[in-house]
Amino acid sequence: MKKLILTATLLMAFSTSFAADYLVNLIGLDENGKELNIPIKSKKWKKRMSKVFKRVGGDVLPQIRSYSSNEKFAFSQFDLGLYITMKFGIGIFEESPVKLAMKVEPYFKLFFKK
Amino acid sequence: MKKNILIATLLTLVTFSASAKEGHLNPYWFGDSIDKSADQNDNLNSIDSFLNGVVDSTVGALNEFDAEPVAKATKNGWHLAGFQTSLGVGFSGNIGILAFGGTKIIEIDWARKKQEKKEKEEELESSLPVVTINENHTKADLNKALDPVVRQLVETGRVKDEKEFRKNLSVVSNDFYAYAKGLSTTRSNYVWRAGKIRLDLNFSASGKIATAGPLVKLGVDVKLRLEFARIMAKAQSDNKAMTDLNAKERKIARETRNLLDSLSYEVTKSYDELEKSYNMDVHDMSFKIIEVALGMSVEGSVGVAKLKGSVVPSVFFTRHKLSSSTPAVADKAADNGTINLIVDNSDAGIAVDKGLKESIFKLKRKRIRKGMKKAMKFAYKFAKKMSKKAKKRQERMAQGRRVKMPKWIVKKIRSQYKFEVGGSIGPVKLKAIPHLSIYWVNKIK
């Protein structure tokens, strides 16, 4: 019985340790209409998004604040659509080990409001 | 001991088999089946890990940004209020964050939990130049409203060829007006009713209309939105509504009316059936809108078209309160009737029949209803799962760190579907262009 509990505990611990960093797949079509998949760990993806938020937010927010203080610009929402260009290297493609780095451009929208 | 090893092996096998299709949507969602035996396949558990990853990375990054000095609110109050990302589904059903060209299946809007006021469901949408009309406006009024927009676009140099721009705009705005008149004369009293028609136009600087496709990035120079919002409960009479329409436009208006009435019934009936199986108020998200694209065949017949984002108008159905004057959902014509699906030459995979020759495919309403119910079920399950995961993640963070965390929640989810020629409806894959969108909105108080 003890062994059974131990086995079950180990199995659970094993799966939990994996669950901490999930795989988020990046997906899309290339210029020829062929499907592409790039698996990436969620922690790595979070780091990249965080970097973008800091960079874009850091650049954009002061600009909006400065424009907004000028009475000529009376707007209440600022939408920013952006592609994040990233390069992924050899051996990470699901279907074939492509030799060259691949450009990935996920599209996001950021909404800034008053 | 042998027993223990057997149990452990079984556990491992179960774990292994459950993760065999990890990250893939079950084929059930793309097929025609909706029977109860499929229930074990429709729980979306196979994409749990992926969704956890999306939630963790998004909420984590947003929270990290909030800790930055630049994110702190200033006197004039500007701050990051929302974030939108899109998901796509591959040909074999694998789900991912849309990172290259392709059609999105799901669009997720994130927002802060504490809102100053209850916002409209579409407030997070892009602030395009919008020209809005209602039943009281004539065609001349629409043209009058468009004129200053055209002049501004020409004066600012965003449109180089004014003549070409005006010519193209006039063609699409006249058709748009005819669709709008179809809506204004629709007498449907079903609980789900069409209330708005929208046309998002994308023009190039040369004044030509630009259409987006799965592989085309929308980087056009000029965007313009035309909207007709119905404000009267009572339908307008043909005599009053159609005085300034020519023969072709009258045909569009009449056919739009018939289509909207049929769709109104099908949406209401599907929702009613879904409501019997699921408690729609059980989670934070609320089923708000169904968007369907309208199109015209070569012969001028109106039907359900692809949501191409330009030239093709969308009609929005919203839920109205049930009143004593609302008829019971029963339409004798529905079970044997059909609804037009506009097909074009790019649908080369469709077997040739008399429907294709006319650019119209007749979809059986019974099958549409079945597919629509399935689409609603998918939207319901996805919205519920996503919203719960985001909420739980925030709670875990707040408990673990013992600090007051800014709370980001899923504000809106838009899922997209495609009609198959057989009449079933499935979540849209990367290459396909959707016909139908379902919106769930968070009930922020």
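Residues numbered from 1 in each chain as written. Chains lettered and ligands numbered in written order. Predicted model: local features only at pLDDT ≥ 70, side-chain atom pairs only at ≥ 80, totals over all residues. Heavy atoms only, no water.

Draft legend 1. Molecular detail of the overall build of chain B. Helix and strand content of chain B: 8 helices and 14 strands. Taken over 445 residues, chain B has a buried fraction of 55%. (Helix = DSSP H or I, 4+ residues; strand = E, 2+ residues; numbered from the N terminus. Buried < 20%, exposed > 50% of the residue type's maximum accessible area, 1.4 Å probe, protein only.)

Draft legend 2. View of the pairing of strand β6 (residues 222-229) of chain B. Residue and element names in this part refer to chain B. The buried fraction of β6 is high, at 6 of 8 residues. Where strand β4 (residues 130-133) meets β6, 4 bridges bridge the pair, whose relative direction is parallel. Residue pairing in the sheet places I133 in a bridge with F228 of β6. Of the strand pairs in this sheet, strand β5 (residues 192-203) and β6 are connected by 8 bridges, and their pairing is antiparallel. Within β6, the position partnered with L201 by the bridge is L224. (Pairing = 2+ DSSP bridges.)

Draft legend 3. Highlighting the confidence of the model for chain B. Residues and elements named next belong to chain B. For chain B, per-residue confidence averages 80 on the pLDDT scale, and 78% of positions sit at 70 or higher. When mean pLDDT is taken per element in chain B, strand β9 (residues 314-319) scores highest with 94 and helix α7 (residues 354-357) scores lowest with 44. Note that residues 11-20 has pLDDT below 50 and, in this model, 2 contacts with residues that lie over four places away or in other chains. Below a pLDDT of 50 lies the segment residues 348-358, which in the model reaches 11 contacts outside its immediate sequence neighbourhood of four places, other chains included. This complex was scored by the predictor with a pTM of 0.82 and an ipTM of 0.77. (pLDDT = per-residue confidence, 0-100. Contact = heavy atoms within 4.5 Å.)

Draft legend 4. Broad picture of the nonpolar core. Residue and element names in this part refer to chain B. The biggest cluster of nonpolar side chains holds 123 residues, and the ones touching the most others in it are W110, I290, F382 and M386. With 11 residues, helix α8 (residues 365-401) is the largest single contributor of residues to this core. Of the domains in this structure, domain 1 (22-122 + 377-442) and domain 2 (130-281 + 289-375) are the two that each give at least three residues to this core. A305, V312, I342 and I360 belong to the second-largest nonpolar core, a separate cluster that totals 6 residues. (Core = buried A, V, L, I, M, F, W, Y, C linked by side-chain atoms within 4.5 Å. Domains from an automatic or database assignment.)

Draft legend 5. Structural context of the packing of aromatic side chains. Residues and elements named next belong to chain B. Counted under the stated rule, the structure contains 17 aromatic pairs over all chains. Ring centres of Y28 and W29 lie 4.9 Å apart, and the angle between their planes is 65°; on these two criteria the pair is classed as edge-to-face. Considering the side-chain rings of F316 and Y439, the 6.5 Å spacing of their centres and the 50° angle between planes classify their relative orientation as tilted. Pair noted here: F316 is in strand β9 and Y439 is in strand β14 (residues 436-442), with a separation of 123 residues, a long-range link. Counting every residue linked through ring pairs, the aromatic cluster contains W192, Y271, Y278, F287, Y380 and W440. (Phe/Tyr/Trp six-rings, centres within 6.5 Å; stacked < 30°, edge-to-face > 60°.)

Draft legend 6. Up close: the confidence of the model for chain A. Residues and elements named next belong to chain A. The predicted model of chain A has a mean per-residue pLDDT of 71, with 58% of residues at 70 or higher. Segment residues 13-19 is flagged for pLDDT under 50; beyond a separation of four residues in sequence, or across chains, it makes 0 contacts in the model. The low-confidence segment residues 90-99 (pLDDT under 50) makes 14 contacts with residues lying over four places distant or belonging to another chain.

Draft legend 7. Layout of the pattern of salt bridges. All names here are of chain B. By the definition in use, this model includes 25 salt bridges over all chains. The shortest N-O distance in the salt bridge between D66 and R112 comes to 2.8 Å. With D66 in helix α2 (residues 48-66) and R112 in strand β3 (residues 106-112), the pair connects residues that are 46 residues apart, well separated along the chain. Here R414 ties to E291 by a salt bridge, and the two come within 3.2 Å at their closest N and O atoms. Placement of the pair is R414 in strand β12 (residues 408-419) and E291 in strand β7 (residues 285-296), with a sequence separation of 123 residues. Here R414 falls in the buried class, since its relative accessible area comes to 15%. The exposure class of E291 is buried, given its relative accessible area of 5%. (Salt bridge = Lys/Arg side-chain N within 4 Å of Asp/Glu carboxyl O.)

Draft legend 8. Structural context of the packing of helix α4 (residues 162-184) of chain B against helix α6 (residues 247-277) of chain B. Residue and element names in this part refer to chain B. Taken N-terminus to C-terminus, the directions of α4 and α6 make an angle of 45°; their axes are 7 Å apart at the nearest point. Taken together, the axes of α4 and α6 lie oblique to each other. Seen from above, α4 lies across α6 with right-handed handedness. Packed against α4, whose contacting residues are N174, D175, A178, Y179, K181, G182 and L183, the element α6 presents K248, E249, I252, A253, T256, R257 and L260 at the interface. (Axes fitted to C-alpha atoms, helices over the stretch in contact; angles between N-to-C directions. Parallel < 35°, antiparallel > 145°, perpendicular 65-115°, else oblique. Left-handed = near helix turned anticlockwise from the far one by under 90°.)

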